[in-house]
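Tertiary structure, described
Here is what each chain is made of, one letter per residue.
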Amino acid sequence: SKFISAAVFCLLCAFAAFAQSQSFSDPNVVYSFELPEAVWKQTVKPTAGKPSVEYVYGDRRDGHLEIRKLTVAANELMSDVIARERQQLMFLQEFAAGKEENFAGALRGRVFNFDFVRSGRNMSGRHYFLKADETTVYVVRFTGERDKLKAIRNQTDSIARTFKLKTEEKAN
């Protein structure tokens, strides 16, 4: 009886967690992704002229998500794409590059981690470089206060894992 009650409770918790997630899709962009919690609020909506998407996790300092599309040379290495991004980030106060990691979700790529200081606060960044095709890389950028971003890393990974092109949705 206790086992059945515990199993039912676990199923209800799992269902409640699943019910809290939300999907992002917009006719102005060619991708979609899943947000694991309703705490993520959209702050920039894409338009036909500016296809940028941004979300915050409660407050911008807790977690900020932005998605950008990069056009790259057909034979360009992902490490070169990340090096260009690193060059731009080096101007952040107390910028310190962290490690790069391989990453696989609906799209494959690499993750670049870094730390910096903003307004006297210790901040971190976790940028997912996801290769859509030979000449397109999407950068799913997360920044936030170091401890807070670390606490939602499972969510940043989940969002990046579920990031996919809409044409792939139709094919599945």
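This next bit is on the overall build of the protein. Along its length, the protein carries five helices and 10 strands. Partitioning the intrachain contacts of the protein with sequence separation of at least 6 by distance along the chain shows that 43% fall at a separation of at least 24. Accessible surface, the protein: about 9900 Å² in total, of which carbon and sulfur atoms supply 55%.

Turning our eyes to something else, we now look at the pairing of strand β2 (residues 31-35). In terms of burial, β2 is a largely internal element, four of the five residues being buried. One ladder, built from four bridges, connects strand β1 (residues 22-25) with β2; its direction is antiparallel. Counterpart to Q22 in the pairing with β2 is L35. The hairpin turn running from β1 into β2, its antiparallel successor, is five residues long. By the bridge criterion, two bridges tie β2 to strand β10 (residues 164-165) in an arrangement that is antiparallel. Considered in β10, the bridge of S32 is made with K164.

What follows concerns the nonpolar core. Of all hydrophobic cores here, the largest spans 26 residues; its most connected members are Y31, F33, W40, L65 and F163. Every element with two or more residues in this core is listed here: β2, β4 (53-57), β5 (59-71), β8 (121-133), β9 (136-145) and α4 (153-162). With 13 residues, the next largest nonpolar core counts V72, V81, F95 and M123 among its residues.

What follows deals with the environment of F24. Note on placement: F24 falls in strand β1. Once the C-alpha coordinates of F24 and Q42 are considered, the two residues, 18 residues apart in sequence, prove to be 9.5 Å apart. With sequence-adjacent residues up to four places away left out, F24 is seen in contact with V29, Y31, S32, F33, Q42, P46, V53 and Y55.

Moving on, we get to the packing of aromatic side chains. Following the criterion strictly, the structure yields 16 aromatic pairs and no others. Relative to Y31, the ring of F24 lies with its centre 6.1 Å away and its plane at 35°, an arrangement referred to as tilted. What makes F24 buried here is its relative accessible area of 4%. Look at Y31 and you get buried, because its relative accessible area is 3%. Ring plane angle 90° and centroid distance 6.2 Å describe the contact between F24 and Y55, whose orientation is recorded as edge-to-face. A residue pair is termed long-range when its members are at least 10 positions apart, and F24 in strand β1 and Y55 in strand β4 qualify at 31 residues. Both residues of the pair, F24 and Y55, count as buried. Aromatic rings pair up to connect F24, Y31, F33, Y55, Y138 and F163 into one cluster.

So, on to the confidence of the model for the protein. Here the protein averages 89 in pLDDT, and 85% of its residues register 70 or above. With pLDDT under 50 throughout, residues 14-19 is counted as low confidence; its partners more than four residues away or in other chains account for one contact.

Here the focus is helix α2 (residues 78-89). The end-to-end C-alpha distance of α2 is 17 Å, a good match for the 16 Å that 12 residues give at a rise of 1.5 Å each. All of the buried residues along α2 are M78, V81, I82, E85 and L89. Down the axis of α2, the buried side of the element spans an arc of 95°, and every buried residue falls inside it. For α2, the secondary structure elements touched by its buried residues are β5, β6 (96-104), β7 (108-118), β8 and β9.

On to the pattern of salt bridges. A side chain with one charge can pair with a side chain of the opposite charge if their charged atoms come near. Applying the stated criterion to the full structure yields 18 salt bridges. Residues R86 and E100 are paired through a salt bridge, measuring 2.7 Å at the closest nitrogen-oxygen approach. Here E100 lies in strand β6 and R86 lies in helix α2, a separation of 14 residues in the sequence. When its relative accessible area of 23% is taken as the criterion, R86 is described as partly exposed. Accessibility expressed as a relative area gives 25% for E100, which makes it partly exposed. When salt bridges with common partners are traced through the structure, they connect D59, R61, D62, R121, E145 and K148 into a single cluster.

Thresholds, definitions, all that
- Residues numbered from 1 in each chain as written.
- Predicted model: local features only at pLDDT ≥ 70, side-chain atom pairs only at ≥ 80, totals over all residues.
- Heavy atoms only, no water.
- Helix = DSSP H or I, 4+ residues; strand = E, 2+ residues; numbered from the N terminus.
- Contact = heavy atoms within 4.5 Å.
- Areas by Shrake-Rupley, 256 points an atom, 1.4 Å probe, with all protein chains shown as cover.
- Buried < 20%, exposed > 50% of the residue type's maximum accessible area, 1.4 Å probe, protein only.
- Pairing = 2+ DSSP bridges.
- Core = buried A, V, L, I, M, F, W, Y, C linked by side-chain atoms within 4.5 Å.
- Phe/Tyr/Trp six-rings, centres within 6.5 Å; stacked < 30°, edge-to-face > 60°.
- pLDDT = per-residue confidence, 0-100.
- Expected span 1.5 Å × (residues − 1).
- Arc of directions from axis to C-beta.
- Salt bridge = Lys/Arg side-chain N within 4 Å of Asp/Glu carboxyl O.

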